[in-house]
Amino acid sequence: NLFKYAEAIAGTDVPVLITGETGTGKELMAKAIHTLSGRSGKFIDINVASIDDAVLSDTLFGHLRGAYTGADQSRKGLIEEAALGTLFLDEIGDLKPESQTRLLRLLQEKTFRPLGSDAIVSSSARFVFATNRDLKTLMKTGAFRNDLYYRLQAHEITLPPLRERLDDIKLLAHAFVDEASREFNKPRPHINPELFPLLSTYSWPGNIRELKGLLFDAVSRNRTDTLSLAYLKTKLKELRNEAPGRPDEITSAMTAFDKSVRFSTTLPTAKELELMLIKEAFRRTNGNKTQAADLIGVARITVIRRLNELEKTPE
């Protein structure tokens, strides 16, 4: 649905705002929109985070010779370089207030002045923006202009995190293993079908970028004709243990559990609760007993025994 929407809006000149967590593919979506648009100009990208106002203005608008000390020759800005193409501004939520004002004027009038020039230059670039921050929250605190936000979000695409689209993991894994094999000039290893439910047991805080890094690392180390599940299991265990903010994640999960789960007057037994947990782990791992056991921290034989008990239950 997202790609259908991107295709529908690609041919317009209206700005596009792409939101989503880090690593979800915002820049790739911006490039896809540019390709779908059929625009004859270039795709130019810039990350505006941590760039001060003066440098950003020079980078975007360009300058004439002598505009400031050290400006020995004129230079075109990225807006001119992206003429008849697409200018992609990433991390727009980190834009400084003065730069927000200049950007708003540019989007409203579609004109700008290079530094040191009195001449007004028209812009034919299409603008695409991205951020991993919540702009509505920033507006409430005054860190982001309301009028600029409404200019940016005429077309808005929100990319969901990988943990909310686990069905994509199989497609992505095949693509990344293919790409890594070509890059390392190695024969493409066979992928054990157990890999996909294994990868689905992790929350992927770094999203697709993290998945790609893990699989590239696995392919680079692989020495057999089949991608090593043992190595990936070890790495995923390390990632779970070393993930920053892990205690907060657990607290958050427990809070969500407390709010969503309500017990009846008669409490279930510990054994019944254990069985419910195993059933959920079994569902999440597509029936893989070993991975279900690893996911909830019990022995594989415990999962098998409880599932056998479940089969004997009349209900």
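The rules behind each value
- Counting restarts for each chain: residues are numbered from 1 in the order of the written sequence.
- Reporting of local features is limited, given that this is a predicted model, to residues whose pLDDT is at least 70; pairs of side-chain atoms are given and counted only at 80 or more, and all residues count toward the totals for whole chains, interfaces and linings.
- Note that water and hydrogens are dropped before the side-chain values are worked out from all heavy atoms of the structure.
- Secondary structure is summarised from DSSP: a helix means a run of H or I of at least four residues, a strand means a run of E of at least two, and numbering begins at the N terminus for each.
- Each residue is assigned to one of three classes by its accessible area relative to the maximum for its type, calculated with a 1.4 Å probe on protein chains only: buried under 20%, partly exposed between the two thresholds, exposed over 50%.
- Here, residues are in contact when the closest pair of their heavy atoms is within 4.5 Å.
- Neither His nor the chain ends contribute to the count of charged residues, in which Lys and Arg are positive and Asp and Glu negative.
- Charge positions are represented by NZ for Lys, CZ for Arg, CG for Asp and CD for Glu.
- What makes a nonpolar core is a set of buried Ala, Val, Leu, Ile, Met, Phe, Trp, Tyr and Cys residues whose side-chain atoms join them at distances within 4.5 Å.
- Strands pair, by our definition, only if DSSP identifies at least two bridges between them.
- pLDDT expresses how confident the predictor is about each individual residue, on a scale running from 0 to 100.
- A 1.4 Å probe that fits into a set of points on a 1 Å grid over the protein atoms alone but cannot get out defines a cavity; an open set with protein on both sides within 12 Å along at least five of seven lines defines a pocket, and lining residues are those with an atom within 4 Å of a point.
- Grid points are joined across faces, edges and corners, and a volume is the space filled by probe spheres set on the points.
- Gly is placed with the polar residues, together with every amino acid not listed as nonpolar (Ala, Val, Leu, Ile, Met, Phe, Trp, Tyr, Cys and Pro) or charged (Asp, Glu, Lys and Arg).
- Note on definitions: angles span 0 to 180 degrees between N-to-C directions of axes, and those axes are lines fitted to C-alpha atoms, for helices only across the stretch in contact.
- By definition in this entry, angles of less than 35 degrees are roughly parallel, angles greater than 145 are roughly antiparallel, angles of 65 to 115 are roughly perpendicular, and the rest are oblique.
- Each crossing gets its hand from how the near helix is turned against the far one by less than a right angle, where anticlockwise is left-handed and clockwise is right-handed.
- In this scheme Phe, Tyr and Trp rings, the latter by its six-membered ring, pair at centre separations within 6.5 Å, and the angle between planes marks the pair as stacked below 30 degrees, edge-to-face above 60, and tilted otherwise.

(A) Representation of the overall build of the protein chain. Along the backbone of the protein chain there are 15 helices and nine strands. Overall, the C-alpha framework of the protein chain stretches about 85 × 55 × 40 Å when taken along its three principal axes. Counting over 315 residues, the protein chain shows a buried share of 39%. By sequence separation, contacts in the protein chain at least 24 residues apart represent 70% of the contacts at least 6 residues apart. Between the centroid of the 45 positive side chains of the protein chain and the centroid of its 42 negative side chains there is a distance of 3 Å.

(B) Layout of unusual backbone geometry. Look at Lys-110: it is not a glycine, yet its phi comes out positive at around 55°. As for its position among the elements, Lys-110 is in the loop between helix H5 (97–109) and strand E6 (111–112). Owing to a relative accessible area of 48%, Lys-110 belongs among the partly exposed residues under this scheme. In this structure, Asn-207 is a non-glycine residue whose phi angle is positive, near 60°. Mapped onto the elements, Asn-207 comes out in helix H10 (residues 207–221).

(C) Main features of the nonpolar core. Core analysis: the biggest nonpolar cluster contains 30 residues, and Leu-87, Leu-89 and Phe-129 have the highest contact counts within it. Residue assignment for this core shows that the elements contributing at least two residues are strand E2 (43–47), helix H3 (53–61), helix H4 (78–81), strand E5 (86–90), H5, strand E8 (126–131), helix H6 (135–140) and helix H7 (146–152). With four residues, the top contributor of residues to this core is H5. Not counting residues within four places of it along the chain, the set of residues in contact with Leu-89 comprises Ile-46, Val-48, Leu-60, Phe-127, Val-128, Phe-129 and Ala-130. In this structure, Leu-172, Trp-204, Phe-216 and Leu-229 belong to the second largest nonpolar core, which totals 25 residues.

(D) Region of interest: the pairing of E8. Burial within E8 is extensive, with six of its six residues counted as buried. Side-chain alternation along E8 places Arg-126, Val-128 and Ala-130 on one buried face and Phe-127, Phe-129 and Thr-131 on a second face that is also buried. Looking at chain direction, strand E1 (residues 16–19) and E8 are connected through four bridges and run parallel. Across the sheet, residue Val-16 finds its bridge partner in E8, namely Val-128. Where E5 meets E8, four bridges bridge the pair, whose relative direction is parallel. Of the residues in E8, the one forming a bridge with Phe-88 is Val-128.

(E) Fine view of the confidence of the model for the protein chain. Overall, the predicted model of the protein chain reaches an average pLDDT of 86, with 91% of residues at or above 70. Confidence drops under a pLDDT of 50 for residues 245–256, and excluding neighbours within four residues, the segment shows two contacts in the predicted structure.

(F) Spatial organisation of the environment of Ile-92. Among the structural elements, Ile-92 can be located in the loop between E5 and H5. Judged by relative accessible area, which is 0%, Ile-92 ranks as buried. The sequence separation of Ile-92 and Leu-162 amounts to 70 residues, and the corresponding C-alpha distance is 22 Å.

(G) Fine view of the side chain of Thr-19. One can find Thr-19 in strand E1. Setting aside chain neighbours within four positions, we find Thr-19 in contact with Lys-26, Thr-131, Glu-156, Ile-157, Thr-158 and Leu-159.

(H) Structural context of the environment of Ile-278. On the secondary structure map, Ile-278 appears in helix H13 (residues 270–284). Residues Ile-278 and Phe-61 lie 217 residues apart in sequence; the distance between their C-alpha atoms is 59 Å.

(I) Summary view of empty space enclosed by the protein. Enumeration over the complete set of coordinates arrives at one cavity of 30 Å³ or more. Within this model, the largest cavity holds a volume of roughly 60 Å³. If you go around the largest cavity, the residues you meet are Leu-56, Ser-57, Leu-60, Phe-61, Leu-89, Leu-95, Ser-99, Arg-102, Leu-103 and Leu-106. Elements represented by at least two residues in the lining of the largest cavity include exactly H3 and H5. Here the residues of the lining of the largest cavity sort into seven nonpolar, two polar and one charged.

(J) Highlighting the packing of H13 against helix H14 (residues 289–296). Two numbers describe how H13 lies on H14: the axes approach to 8 Å, and their chain directions differ by 125°. Taken together, H13 and H14 sit at an angle that is classed as oblique. Along this stretch, H13 crosses H14, giving a crossing that reads as right-handed. Note on element contacts: H14 touches H13 through Lys-289, Ala-292, Leu-295 and Ile-296, opposite Leu-277, Ile-278, Ala-281, Phe-282 and Arg-284.

(K) Just the packing of aromatic side chains, in detail. Counted by the stated rule, this structure contains six aromatic pairs. Their ring planes at 10° and their centres at 6.2 Å tell us that Phe-127 and Phe-129 sit as a pair that is stacked. The exposure class of Phe-129 is buried, given its relative accessible area of 0%. Measuring from ring centre to ring centre gives 5.4 Å for Tyr-149 and Tyr-150, while their planes differ by 65°; the resulting arrangement is edge-to-face. Judged by its relative accessible area of 5%, Tyr-149 is buried.

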